[in-house]
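What follows is the residue order along each chain.
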Amino acid sequence: MRYLFTNRFGGVSEGAFFSLNLALHVNDNSLHVNANREILREKMDVDAVVFMEQVHGDKIVRIEEAGQTPTCDAMITNQKEIALSVMVADCIPILFYDARHEAIGVAHAGREGSRLGIGVKCLDAMEEAFGTRASEVQIFMGPSIGACCYEIGKEVSEGFDGFLHVKNKRLFLDLQTYNYKAFLERGVLVEHIDASSICTCCDSDYFSYRREKITGRFAGVICL
Ligand SMILES: [Zn+2]
């Protein structure tokens, strides 16, 4: 198994997308994006990297072959030579690895996806497809916007009780801990969860939609 989280360096995009922007939907030059995706594929040393058309939902697609861009927010596979990728700029990129059954997964956990339980549902899908056990799966949560910067409106705070912080009458959401706790409740072991403490909005090495609005996307990528 190999996995990585990219940052904004090492690609060919320019301006607001400098430089390793992996997203085609943000109005970057598509020649640059495709060159960046090729850089990523070479780095992962696989035949193909599969990306998703992410829509902040809870649909999970099992990938049997490359050459597709499914509309979903999580993917699972046991195919070798295919890397799965999740693109983000503040949302949490989550990677799953089941060594016993040689299976992997990725999930895109923003506020809406997290509320829908996309992370745990991806684990459920791996259990159903491959026999993955929560007590054995390894989970990697990449850089994402932290509670330090993730101010939200009260109208979208429903369901996040216990994960909201109030500072100067403003409401901040701790989305990482929300997802982390959901995995623990599902039976994932503390020592099997590797969660990044990097806040994408604080750290300009990463694309951040909250900080920049017009910006690129970095990615979490995993392959067997
Ligand atoms: Zn921050």
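Residues numbered from 1 in each chain as written. Predicted model: local features only at pLDDT ≥ 70, side-chain atom pairs only at ≥ 80, totals over all residues. Heavy atoms only, no water.

- Under an unreviewed UniProt entry, the protein chain has the name Purine nucleoside phosphorylase and belongs to Sulfurospirillum deleyianum.
- UniProt lists a comment for the protein chain under the heading Sequence similarities (unreviewed entry), and it reads "Belongs to the purine nucleoside phosphorylase YfiH/LACC1 family." (UniProt positions renumbered as here; feature names shortened; annotations may be inferred.)

**Description of the coordination of the zinc ion**
- Listed as protein donors to the zinc ion are C148 (SG), C149 (SG), C199 (SG) and C202 (SG); their distances from the metal cover 2.2 to 2.3 Å.
- Of note is the zinc ion, whose 4 donor atoms meet at the metal with angles of 102 to 116° in an arrangement that counts as tetrahedral.
- All donors of the zinc ion belong to a single chain; written as a sequence motif, their spacing is C-C-x49-C-x2-C. Here C148 is found in the loop between β8 (138–141) and β9 (164–167), whereas its partner C199 is found in the loop between β11 (193–195) and α5 (209–212), with 51 residues between them in sequence.
- Here C148 falls in the partly exposed class, since its relative accessible area comes to 42%. (Donors = N, O, S within 2.8 Å, 3.2 Å for Na, K, Ca; no water. Tetrahedral: all angles 85-135°; square planar, octahedral: opposite > 155°, others 65-115°. Helix = DSSP H or I, 4+ residues; strand = E, 2+ residues; numbered from the N terminus. Buried < 20%, exposed > 50% of the residue type's maximum accessible area, 1.4 Å probe, protein only.)

**Side note on the pairing of strand β10 (residues 170–173)**
- Pairing of β9 with β10 involves 4 bridges; the strand directions are antiparallel. Within the sheet, the bridge partner assigned to V166 lies in β10 and is L171. (Pairing = 2+ DSSP bridges.)

**With respect to unusual backbone geometry**
- Residues F18 and S19 are joined by a peptide bond in cis, for which omega reads -15°.
- Within the fold, S19 resides in the loop between β1 (2–5) and α1 (30–44).
- Backbone geometry at D45 places phi at a positive 60°, although glycine is not the residue there.
- Mapped onto the elements of the fold, D45 is located in the loop between α1 and β2 (48–50).
- Overall, the relative accessible area of 57% leaves D45 in the exposed class.
- Phi is positive for D90, which is not a glycine, with a value near 120°.
- Of note, D90 is situated in the loop between β5 (82–88) and β6 (92–98).

**Topic: the sheet that holds strand β3 (residues 60–62)**
- Pairing in this open sheet of 6 strands is mixed, and the strands run β3-β4-β7-β6-β8-β11 from one edge to the other. Sheet topology places β3 and β11 at the edges, where each strand pairs with a single neighbour. Going from strand to strand, the sheet's axes swing by 15° on average, the running direction of each strand aside.
- Bridge count for β8 against β11 is 3 bridges, and the pairing is parallel. Following the sheet pairing, I139 is matched in β11 by I193.
- Docked against the sheet, helix α3 (residues 118–130) engages β3, β4 (74–77), β6 and β7 (103–109), running at close to 160° with respect to β7.
- Packing of helix α4 (residues 175–186) onto the sheet brings it into contact with β6, β7, β8 and β11, and relative to β6 it is tilted by some 25°. (Axes fitted to C-alpha atoms, helices over the stretch in contact; angles between N-to-C directions. Contact = heavy atoms within 4.5 Å.)

**Quick look at the environment of D203**
- Structurally, D203 is set in the loop between β11 and α5.
- Sequence separation of D203 and P143 is 60 residues, and the distance between their C-alpha atoms is 9.4 Å.
- Those residues in contact with D203, other than ones at most four positions away along the chain, are I198 and R211.

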